[in-house]
Amino acid sequence: MNSTNLPDIAAQTTQQQQPLDWVGMQGIALPLQLAGQRLKALADAGVSLDRGDVRGIHMSRLYLTLQQVQDAALEPDLLKQLLARFLDSHHGLSRQAYVALRGEALLSRPALISPLAGWKSYPFEVRARQDPWGFHVELQVRLEYSSTCPCSAALARQLIQQRFTQDFADQPLNHARLLDWLGSTQGIVATPHSQRSEATLQVRLAERAEDLPLLAVIDAAEQALGTAVQTAVKRADEQAFALANGQNPMFCEDAARRLHDALLRLLGLSAFSLEVVHRESLHAHDAVARSQWNWHPAASPGSAASDMCQSRS
Ligand SMILES: Nc1nc2c(ncn2[C@@H]2O[C@H](COP(=O)(O)OP(=O)(O)OP(=O)(O)O)[C@@H](O)[C@H]2O)c(=O)[nH]1
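Please read these numbers as outputs of a predicted model, since none were measured by experiment.

Asks: Can you explain the site of the ligand? Please cite residues and give values.
Replies: Contacts to the ligand come from Asp8, Gly56, Ile57, His58, Met59, Ser60 and Arg61. The contact in question runs from an oxygen atom of the ligand to an N or O atom on the backbone of Met59, over 3.4 Å. The side chain of Ser60 places a nitrogen or oxygen atom 2.5 Å from an oxygen atom of the ligand. When the free accessible area of the ligand is taken as 640 Å², the share hidden by the protein chains comes to 42%. For the shell around the ligand, the per-class residue count stands at 2 nonpolar, 3 polar and 2 charged.

Asks: Before we move on, can you summarise a negative patch on the surface with the specific residues and values?
Replies: A cluster of acidic residues, Glu75, Asp77, Glu210 and Asp211, forms a negative patch on the protein surface. The class of Glu210 is exposed, set by a relative accessible area of 63%.

Asks: Go over the UniProt feature "site: May be catalytically important" (unreviewed entry) in the chain, please, and point to the residues and values.
Replies: Under the local residue numbering, the UniProt record ascribes the feature "site: May be catalytically important" (unreviewed entry) to Cys149. Note that Cys149 resides in the loop between strand E5 (134–148) and helix H3 (150–167). Non-local contacts of Cys149, meaning those with residues more than four positions away in its chain, are made with Pro192, His193, Pro249 and Phe251.

Asks: Now, about the confidence of the model for the chain: what can you tell me, with residues and values included?
Replies: Across the chain, pLDDT averages 91, with 94% of residues at or above 70. Confidence over residues 299–313 falls short of pLDDT 50; this stretch has 31 contacts with residues more than four positions distant or in other chains.

Asks: Tell me what's going on with the nonpolar core, and back it up with residues and numbers.
Replies: Judged by nonpolar contacts, the single largest core of 65 residues is most densely connected at Leu66, Leu74, Leu79, Phe86, Val99, Leu201 and Val276. Residue contacts for Val99: discarding those within four places in its chain leaves Asp44, Leu66, Leu79, Leu82, Leu83, Phe86, Val126, Arg127 and Ala128.

Asks: Summarise the pattern of salt bridges; cite the residues concerned and give the values.
Replies: According to the stated counting rule, one finds 15 salt bridges in the structure shown. The salt bridge involving Lys120 is made with Glu222; its shortest N-O contact spans 3.0 Å. You can see Lys120 sitting in strand E4 (residues 117–131) and its partner Glu222 sitting in helix H5 (residues 214–225), a full 102 residues away along the chain. On the basis of relative accessibility, which here comes to 8%, the residue Lys120 falls in the buried class.

Asks: Kindly report on helix H1 (residues 59–66), identifying the contributing residues and their values.
Replies: Every buried residue of H1 is accounted for by Leu62, Thr65 and Leu66. Down the axis of H1, the sector holding all buried residues measures 100°, keeping them to one side. In this fold, the buried residues of H1 make contact with strand E1 (20–34), strand E2 (37–49), helix H2 (76–88) and strand E3 (97–110).

Asks: Lay out the environment of Arg204 in plain terms, naming residues and giving numbers.
Replies: With respect to the helices, strands and loops of the structure, Arg204 is situated in strand E6 (residues 194–205). With relative accessibility at 5%, the residue Arg204 sits in the buried group. Counting along the chain gives 80 residues from Arg204 to Phe124, while the straight-line C-alpha distance between them is 14 Å.

Asks: Before we move on, could you go through the domain arrangement of the chain and cite the residues and values that matter?
Replies: Much of the literature gives interface size as the accessible area that the parts lose upon coming together. When cut into domains, the chain gives domain 1 (16–100) and domain 2 (111–169 + 189–313). Of note, the centres of domain 1 and domain 2, computed from C-alpha atoms alone, are 31 Å apart. Of the residues lining the interface, 18 residues belong to domain 1; the matching set on domain 2 comes to 19 residues. Inspection of the domain 1/domain 2 interface yields 0 salt bridges. Our enumeration of links across domain 1 and domain 2 arrives at 2 residue pairs in polar contact (both at pLDDT 80 or more). For the side of domain 1 that touches domain 2, the elements supplying multiple residues, two or more each, are E1, E2, H2 and E3. With 5 residues, the top contributor of residues to the side of domain 1 that touches domain 2 is H2. Partitioned by chemical class, the residues of the side of domain 1 that touches domain 2 number 13 nonpolar, 2 polar and 3 charged.

Definitions and limits used
Residues numbered from 1 in each chain as written. Predicted model: local features only at pLDDT ≥ 70, side-chain atom pairs only at ≥ 80, totals over all residues. Heavy atoms only, no water. Near = heavy atom within 4 Å. Polar contact = N/O pair within 3.5 Å; in protein donor to acceptor, adjacent residues only side chain to side chain. Areas by Shrake-Rupley, 256 points an atom, 1.4 Å probe, with all protein chains shown as cover. Nonpolar A, V, L, I, M, F, W, Y, C, P; charged D, E, K, R; others polar. Patch = residues over 30% accessible without salt bridge, like charges linked within 9 Å, V, L, I, M, F, W, Y side chains within 5 Å. Salt bridge = Lys/Arg side-chain N within 4 Å of Asp/Glu carboxyl O. Lys, Arg positive; Asp, Glu negative; His and termini not counted. Charge placed at Lys NZ, Arg CZ, Asp CG, Glu CD. Buried < 20%, exposed > 50% of the residue type's maximum accessible area, 1.4 Å probe, protein only. UniProt positions renumbered as here; feature names shortened; annotations may be inferred. Helix = DSSP H or I, 4+ residues; strand = E, 2+ residues; numbered from the N terminus. Contact = heavy atoms within 4.5 Å. pLDDT = per-residue confidence, 0-100. Core = buried A, V, L, I, M, F, W, Y, C linked by side-chain atoms within 4.5 Å. Arc of directions from axis to C-beta. Domains from an automatic or database assignment.

Pasting the structure below:
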């Protein structure tokens, strides 16, 4: 039996006359090539159904077209071609096409001091949309870092000062004794708390961006934060990490501002939105800060262009 003998429900018309914003499939398993690796990903693919009288879209056409992304490095141009094919396969039915690809990029990260390295996983999502107003790509990535509470650090320093006053009251300062004291738990009587923290960065690419800036965004963010979680760690690396944390205490507000500045300096973006979550060890709840630049929905006519025109202030 060939397909012309099979009932085609999608081709039927419907009385309801209701166009739909998004119709498609979610959670399609797919290999991807990104950051020089072949990754396991999940994809959502869809189109608008602008003909209110048409019963259904052609799911299989989107599914089969999607298979083409596995053969080349994931770049904006590949996504643009993919969405153009989605629309070609739904000519007369759809004016908007969407794809979202989620996975985890495994990147090798060096130790702070020792000549070692290890792997770190960065969950990411790439979202692309083609509509009558243009082509839009967004990249989202999540990364982890350590944040030491600046208030706790100041409170700990105060306790250390008080202990010093107590232990050395009315005594001439003796270098050797002071050195011993500093190296003892007696001396450093209190330590600040720090916590594993998480930043989620969403960036919208400028119209003519040629690459997906996954590595650039991660590197800029980790540099701005200064205390990204580590992979391979020997004692020398842990000591360097302790120094980095001590020199770099931050509230969630500090982390959000640093990331905002870092993303503003990255070229090739037309907008971004970020959130930091400090999973507090002082509290049972999280401290959270958000920031954004130009991050309004780019679905309306002219908004993508106005994204491009706004100055980075
Ligand atoms: N539109 C639509 N299709 C669905 C849904 N759930 C499952 N499908 C199935 O997806 C399959 C593929 O649909 P089509 O792409 O229209 O398949 P086809 O008619 O053989 O392919 P074309 O000839 O290219 O249209 C069909 O067997 C549908 O029944 C749904 O909710 N909506």
